[in-house]
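Fold and contact review
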Amino acid sequence: MPRLVSVGNVIVDIVMRVGAIPEPGGDVIASGSEITAGGGLNTMVAAARDGLDVAFGGQYGTGPFGDVVRSALASSGVEVLQPGLDDVDSGYCVALVDDSTERTFVTSVGAEGRLSRADLDRITLEPDDTVFVSGYGLAHAVNGPAIADWLGTAPDAVRVLLDPSPLVATLAPAVLGSVMARADLVSANGREARLMSPTSAGLPEAVATIAAAARGTALVRDGAAGCWVVEAGTPPVLVPGFRVDAVDSNGAGDAHGGVLVAALSRGASLVDAVRRANAAAALAVTRNGPATAPTAAETDAFLTRLA
């Protein structure tokens, strides 16, 4: 059976909702908050809710935050491939969600930043697997080189999807270049695409530049407008999005990525998979919280209504 195999980070999200981000030295009282496991968990949950088997190959810790991570992994139905570390806690992220629904992150790194090549060698990849790689993992001094090296040994039949993350501009060029060269598909948001292709005139040009640096296929998410897609040898195409009343954009990209992989793993064309992922992301932003990906039935119903 096809699987999503994630080598990303699962950490604890401390989410606070604020009217606006305070100025430097300022203060603001949150209108609401929650503590939950997040990070790479959200993509895995999105794929699982859309019907795909999921395995987690990342690292995690022991302690108060590690307890939250372990509990979330156990209840999510995700297969856990690592034993975890007993000498360090998992990390956490403070996520500020303002009235525009935009989110701002500050992260403290823990055990998830200690994924070694020996850890990765525990993972047995099957030909119909999709390996999901996040720039958040590549940003760590241990994980980045280990993942880049390990991907070089992955069977060619294994699909590799790279989500470069907001940290893309800080990634070591050698690590990013190596992963890009193995990536069958790169999925970025508009800001990330501009950072990866600073001389491009717009997102259509940026997605073409990114595709050329990978194995010929890339997509750039452009909010409610939709998603720009380039397949090898074809010009950029905009797959339209769905306009909804957004309340929280936190986790929208995760929902998009997980559902995209699930649809591709079932044999959908890239354009059809992106349309389904656009629908899942649209549903996700109508709900508060990071892990708001819809079920397969909810996405099916949404697409049917709009057909």
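Bear in mind the structure is a predicted one, so any value in this text is a computation, not a measurement. (Residues numbered from 1 in each chain as written. Predicted model: local features only at pLDDT ≥ 70, side-chain atom pairs only at ≥ 80, totals over all residues. Heavy atoms only, no water.)

What about the overall build of the protein?
Here is the rule we go by: Each helix is a run of DSSP H or I of at least 4 residues and each strand a run of E of at least 2, with the numbering of both proceeding from the N terminus. Computation of the radius of gyration draws on C-alpha atoms, with the globule rule given as 2.2 Å multiplied by the number of residues to the power 0.38. Shrake-Rupley sampling with a 1.4 Å probe provides the accessible areas, and residues are treated as covered by the protein chains on show and by no other component. The charged-residue count follows a simple rule in which Lys and Arg add positive charge and Asp and Glu add negative charge, with His and chain termini not counted at all. Note on charges: their place is set at NZ of Lys, CZ of Arg, CG of Asp or CD of Glu.
When you go through the protein residue by residue, the secondary structure sums to 11 helices and 13 strands. The C-alpha radius of gyration of the protein comes to 18 Å, within 12% of the 19 Å expected for a compact globule of 307 residues. Projected onto its principal axes, the C-alpha positions of the protein cover 50 × 45 × 40 Å. Total accessible area on the protein stands at roughly 12600 Å², and carbon and sulfur atoms take up 55% of it. One finds the centroid of the 20 positive side-chain charges in the protein at a distance of 4 Å from the centroid of its 34 negative side-chain charges.

Concerning the nonpolar core
Here is the rule: Among buried residues, the Ala, Val, Leu, Ile, Met, Phe, Trp, Tyr and Cys ones that are joined through side-chain atoms within 4.5 Å form a nonpolar core. When accessible area is computed with a 1.4 Å probe and restricted to protein chains, residues below 20% of their type maximum are described as buried, those above 50% as exposed, and intermediate ones as partly exposed. Residue contacts are counted whenever heavy atoms from the two residues lie within 4.5 Å of one another.
Judged by nonpolar contacts, the single largest core of 41 residues is most densely connected at Val7, Val131, Val133, Leu162 and Val186. Filtering out sequence-adjacent residues up to four positions away, valine 131 remains in contact with Val5, Val7, Leu125, Trp150, Leu151, Val158, Arg159, Val160 and Leu161.

Focus: the sheet that holds strand E7 (residues 103–108)
Spelled out, the test is: For two strands to count as paired, DSSP must find a minimum of two bridges between them. For helices, the fitted axis covers only the stretch in contact; all axes are lines through C-alpha atoms, and the angles between them, taken along N-to-C directions, range from 0 to 180 degrees.
What the four strands build is an open sheet, ordered E3-E2-E6-E7; its pairing is mixed. The open sheet has two free edges, formed respectively by strand E3 (32–39) and E7, since each of these has just one partner strand. Recorded for the sheet is a direction-independent mean angle of 20 degrees between the axes of neighbouring strands. Where strand E6 (residues 92–97) meets E7, six bridges bridge the pair, whose relative direction is antiparallel. Paired with cysteine 93 across the two strands is threonine 107, which belongs to E7. Its contacts with the sheet put helix H1 (residues 41–49) on strand E2 (10–17) and E3, and the angle it makes with E3 is roughly 75 degrees. Against the sheet, helix H2 (residues 64–76) touches E2, E3 and E6, its axis set at about 105 degrees to E2.

Some remarks on the packing of aromatic side chains
This is how the line gets drawn: Any Phe, Tyr or Trp ring, taking Trp's six-membered ring, that has another such ring centre within 6.5 Å forms a pair; planes under 30 degrees apart are called stacked, those over 60 apart edge-to-face, and the others tilted.
In total, this model carries two aromatic pairs according to the counting rule given. Summarising the aromatic geometry, the rings of phenylalanine 242 and phenylalanine 302 are spaced 5.3 Å apart at their centres and angled 75 degrees between planes, so their arrangement reads as edge-to-face. Of the two residues, phenylalanine 242 is situated in the loop between strand E13 (237–240) and helix H9 (252–265) and phenylalanine 302 in helix H11 (residues 296–306); the sequence distance between them amounts to 60 residues. A single burial state applies to phenylalanine 242 and to phenylalanine 302, both of which are buried.

Considering the sheet that holds strand E4 (residues 53–56)
If you trace the nine strands from one edge of the open sheet to the other, you get E5-E4-E1-E8-E9-E10-E11-E12-E13, paired in mixed fashion. Each having just a single partner strand, strand E5 (79–80) and E13 make up the two edges of the open sheet. Summarising the sheet, strand E10 (residues 185–189) and strand E11 (residues 218–221) pair through four bridges and their orientation is parallel. Bridge pairing links valine 186 to alanine 218 in E11.

Section: unusual backbone geometry
A negative phi angle characterises most non-glycine residues, just as the trans form characterises most peptide bonds. One non-glycine residue, serine 165, lies in positive phi territory at about 75 degrees. Of note, serine 165 is situated in the loop between strand E9 (159–163) and helix H6 (173–182). Classification of serine 165 as buried rests on a relative accessible area of 1%.

Some remarks on the environment of serine 197
Here serine 197 shows up in the loop between helix H7 (190–196) and helix H8 (203–213). Residues serine 197 and alanine 208 lie 11 residues apart in sequence; the distance between their C-alpha atoms is 9.4 Å. Apart from the residues within four sequence positions on either side, serine 197 is in contact with Ala206 and Thr209.

Some points on the packing of H1 against H9
In plain terms, the rule: When an angle is under 35 degrees it counts as roughly parallel; over 145 it counts as roughly antiparallel; between 65 and 115 it counts as roughly perpendicular; any other value is oblique. In a left-handed crossing the near helix is turned counterclockwise from the far helix by less than a right angle, and in a right-handed crossing that turn is clockwise. Gly falls in the polar group here, along with every residue not listed as nonpolar (Ala, Val, Leu, Ile, Met, Phe, Trp, Tyr, Cys, Pro) or charged (Asp, Glu, Lys, Arg).
With their axes 7 Å apart at the nearest point, H1 and H9 run at an angle of 40 degrees to one another. When the interaxial angle is binned, H1 and H9 end up oblique. The element H1 and its partner H9 pack so that their crossing is right-handed. Of H9, the residues touching H1 (which contributes Asn42, Thr43, Ala46 and Ala47) are Asp254, Ala255, Gly257, Gly258, Val259 and Ala262. Residue classes in the contact of H1 with H9 are distributed as five nonpolar, four polar and one charged.

Considerations on the side chain of threonine 43
Tracing the chain through its elements places threonine 43 in helix H1. Residue classification places threonine 43 among the buried positions, given a relative accessible area of 4%. The contact partners of threonine 43, leaving out residues within four places of it in the chain, are Leu4, Phe132, Asp254, Gly257 and Gly258.

Remarks on the pattern of salt bridges
Note the cut-off: We define a salt bridge as a side-chain nitrogen of Lys or Arg found within 4 Å of a carboxyl oxygen belonging to Asp or Glu.
Enumeration over the complete set of coordinates arrives at 14 salt bridges. With its nearest N and O atoms 2.8 Å apart, the salt bridge here joins aspartate 50 to arginine 266. With a gap of 216 residues between them, aspartate 50 in the loop between H1 and E4 and arginine 266 in the loop between H9 and helix H10 (270–284) connect regions that are remote in the sequence. Taking the relative accessible area as the measure of exposure, aspartate 50 reaches 2% and is therefore buried.

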